Amino acid sequence: MKKPALAAALLLTTALPALAEGQLNLFNWGDYTSPELLEKFEKETGIKVTVTDYDSNDTALAKVSAGGAGFDLVVPSAHFVQIYVEKGLIQKLDLTRLPHHDNIAPEWMDVEWDKGRNYTVPWQWGTTGISVDTSVYKGDPNTSELFLNPPDELKGKINVVPEMNEVVGLAVMWAGGKPCTEDVAVLKKAHDALMNGKQYWTSMDYGTTEHMANGDWAASVNWSGETFRSRLKNPNVVYGYPKEGYPLWMDSVALLSDAQNVDEAYKFLDFISLPENAALISAFARYPNGITGSAEFMPADMATAPEVNIPAEFKAAGHFMPACSGKALEYMTAIWTDLQK
């Protein structure tokens, strides 16, 4: 799930949002909320939205779990939704207060992580793959080899976004396994490949859009929309779908159990369920959304963008990341801990 953000340290210093009538406090990934959307919502409803950024699912979950943050809405990725539900951190939606709930596209309505969409409304979805600067590397971008066993021209010029589930997931799929595997042989192969690749990485950073556009990096494990935004600034940037397997994800908006501005939150959830408003979200961050009819309101270039439209030959390689538990989570965490040393 995909998305550059402010550093967690900055988040911790952010003042708590105000709790007041006619206000709404949205806790969302950084650089992921359309200013035009917020301006339109305020103009139509009189409700002022305050957005606080986070940089990862783990950061958001920890902050919400601690309580008292004053947020009304949060935007977790698919594999985190049930964690929020099980912890009692988000509340079941009153669908009678969402007259446009049926605008959710059928393929995104009865999803595994939220059957019938009783807890969430779609925000955006995408993939995690490889951004490549073709002025540096002219080979096949559709492989995780580029960050696990990179060619000489990429060594020392690679970034990896610091998202455990997606990075370890890519390595596990490269090693022939499935996400959340407990196969020790596969996990060892993935671990060794990551440790080998790390020596050739220059950074593990979220700020991919500008760095790839500016040529600071030659490749990055990256999200589809961020790569799209980089390509708009630098046509040498392409997006690769690792043929060994890559993560699919969707981020959705949920109403927190301790939300103070509940009426305002329902208005916002229904507002983003309208096609023309969902299109504003996508036009800004360059990811597709899950609202029927929104495509006709989007920028024309999204209709054919390779970062949005998964090529037929790579569709079967995409997998939604489940919420790993038990031994699988222990193994993944151990791999990730080694990678941070």
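One structure accompanies this document, and this report is about it. Because the structure is predicted, anything quoted here is derived from the model rather than measured.

Turning our attention to the overall build of the protein chain. Looking only at helices and strands, the protein chain has 12 helices and 10 strands in total. A globule of 341 residues ought to have a C-alpha radius of gyration of about 20 Å, and the protein chain, at 19 Å, matches this closely. For the protein chain, buried positions account for 55% of its 341 residues. Of the contacts made within the protein chain by residues no fewer than 6 positions apart, 76% connect residues no fewer than 24 positions apart. Here the protein chain holds 27 positive side-chain charges and 44 negative ones, and the gap between their average locations is 4 Å.

Turning our attention to the state of the cysteines. Should the sulfur atoms of two cysteines be covalently bonded, the bond is a disulfide. Counted under the stated rule, the structure contains 1 disulfide. With a sulfur-sulfur separation of 1.8 Å, cysteine 180 is cross-linked through a disulfide to cysteine 324. Disulfide cysteine 180-cysteine 324: torsion about the S-S bond near -95°, hence left-handed. Taken together, the residues span a long stretch of sequence, with cysteine 180 in the loop between helix H6 (164–174) and helix H7 (184–198) and cysteine 324 in the loop between strand E10 (318–320) and helix H12 (326–340) at a distance of 144 residues. Taking relative accessible area as the criterion, cysteine 324 reaches 13% and is therefore assigned buried.

This part takes up the packing of H6 against H12. At their nearest, the axes of H6 and H12 sit 10 Å apart, and the two run at 95° to each other. Considered as vectors, H6 and H12 are oriented roughly perpendicular to each other. Residues Met164, Asn165, Val167 and Val168 of H6 form the contact with H12, whose participating residues are Leu329, Met332, Thr333, Ile335 and Trp336.

Under the definition given, this model contains 12 salt bridges. Its salt-bridge partner being glutamate 226, residue arginine 229 comes within 3.7 Å of it at the nearest N-O pair. Here glutamate 226 and arginine 229 lie together in helix H9 (residues 224–233), a separation of 3 residues that amounts to about one turn. For the pair shown, arginine 229 and glutamate 226 are each scored as buried. If you follow the salt bridges from partner to partner, you end up with Asp31, Glu226 and Arg229 in one network.

With phi around 55°, arginine 117 is a residue other than glycine that occupies positive phi space. Note that arginine 117 resides in the loop between helix H4 (78–86) and strand E4 (120–133). Unusually for a residue other than glycine, arginine 286 sits at a positive phi of about 70°. For arginine 286, the location among the structural elements is in the loop between helix H11 (275–285) and E10.

Next up on the list: the side chain of aspartate 133. With respect to the helices, strands and loops of the structure, aspartate 133 is situated in strand E4. For the buried aspartate 133, which has no salt bridge, the nearest side chain bearing the opposite charge is lysine 138, at an N-O separation of 7.5 Å. Polar contacts involving the side chain of aspartate 133 include one to the side chain of serine 135, which spans 2.6 Å. Residues contacting aspartate 133, with those up to four places away along its chain left out, are Met212, Gly215, Trp217, Ala218, Asn234 and Asn236.

It is worth spelling out the environment of tryptophan 336 at this point. Mapped onto the elements of the fold, tryptophan 336 is located in helix H12. By relative accessible area, which is 13% here, tryptophan 336 ends up buried.

The rules behind each value
Residues numbered from 1 in each chain as written. Predicted model: local features only at pLDDT ≥ 70, side-chain atom pairs only at ≥ 80, totals over all residues. Heavy atoms only, no water. Helix = DSSP H or I, 4+ residues; strand = E, 2+ residues; numbered from the N terminus. Rg over C-alpha atoms; globule rule 2.2 N^0.38 Å. Buried < 20%, exposed > 50% of the residue type's maximum accessible area, 1.4 Å probe, protein only. Contact = heavy atoms within 4.5 Å. Lys, Arg positive; Asp, Glu negative; His and termini not counted. Charge placed at Lys NZ, Arg CZ, Asp CG, Glu CD. Disulfide = S-S within 2.5 Å. Axes fitted to C-alpha atoms, helices over the stretch in contact; angles between N-to-C directions. Parallel < 35°, antiparallel > 145°, perpendicular 65-115°, else oblique. Salt bridge = Lys/Arg side-chain N within 4 Å of Asp/Glu carboxyl O. Polar contact = N/O pair within 3.5 Å; in protein donor to acceptor, adjacent residues only side chain to side chain.

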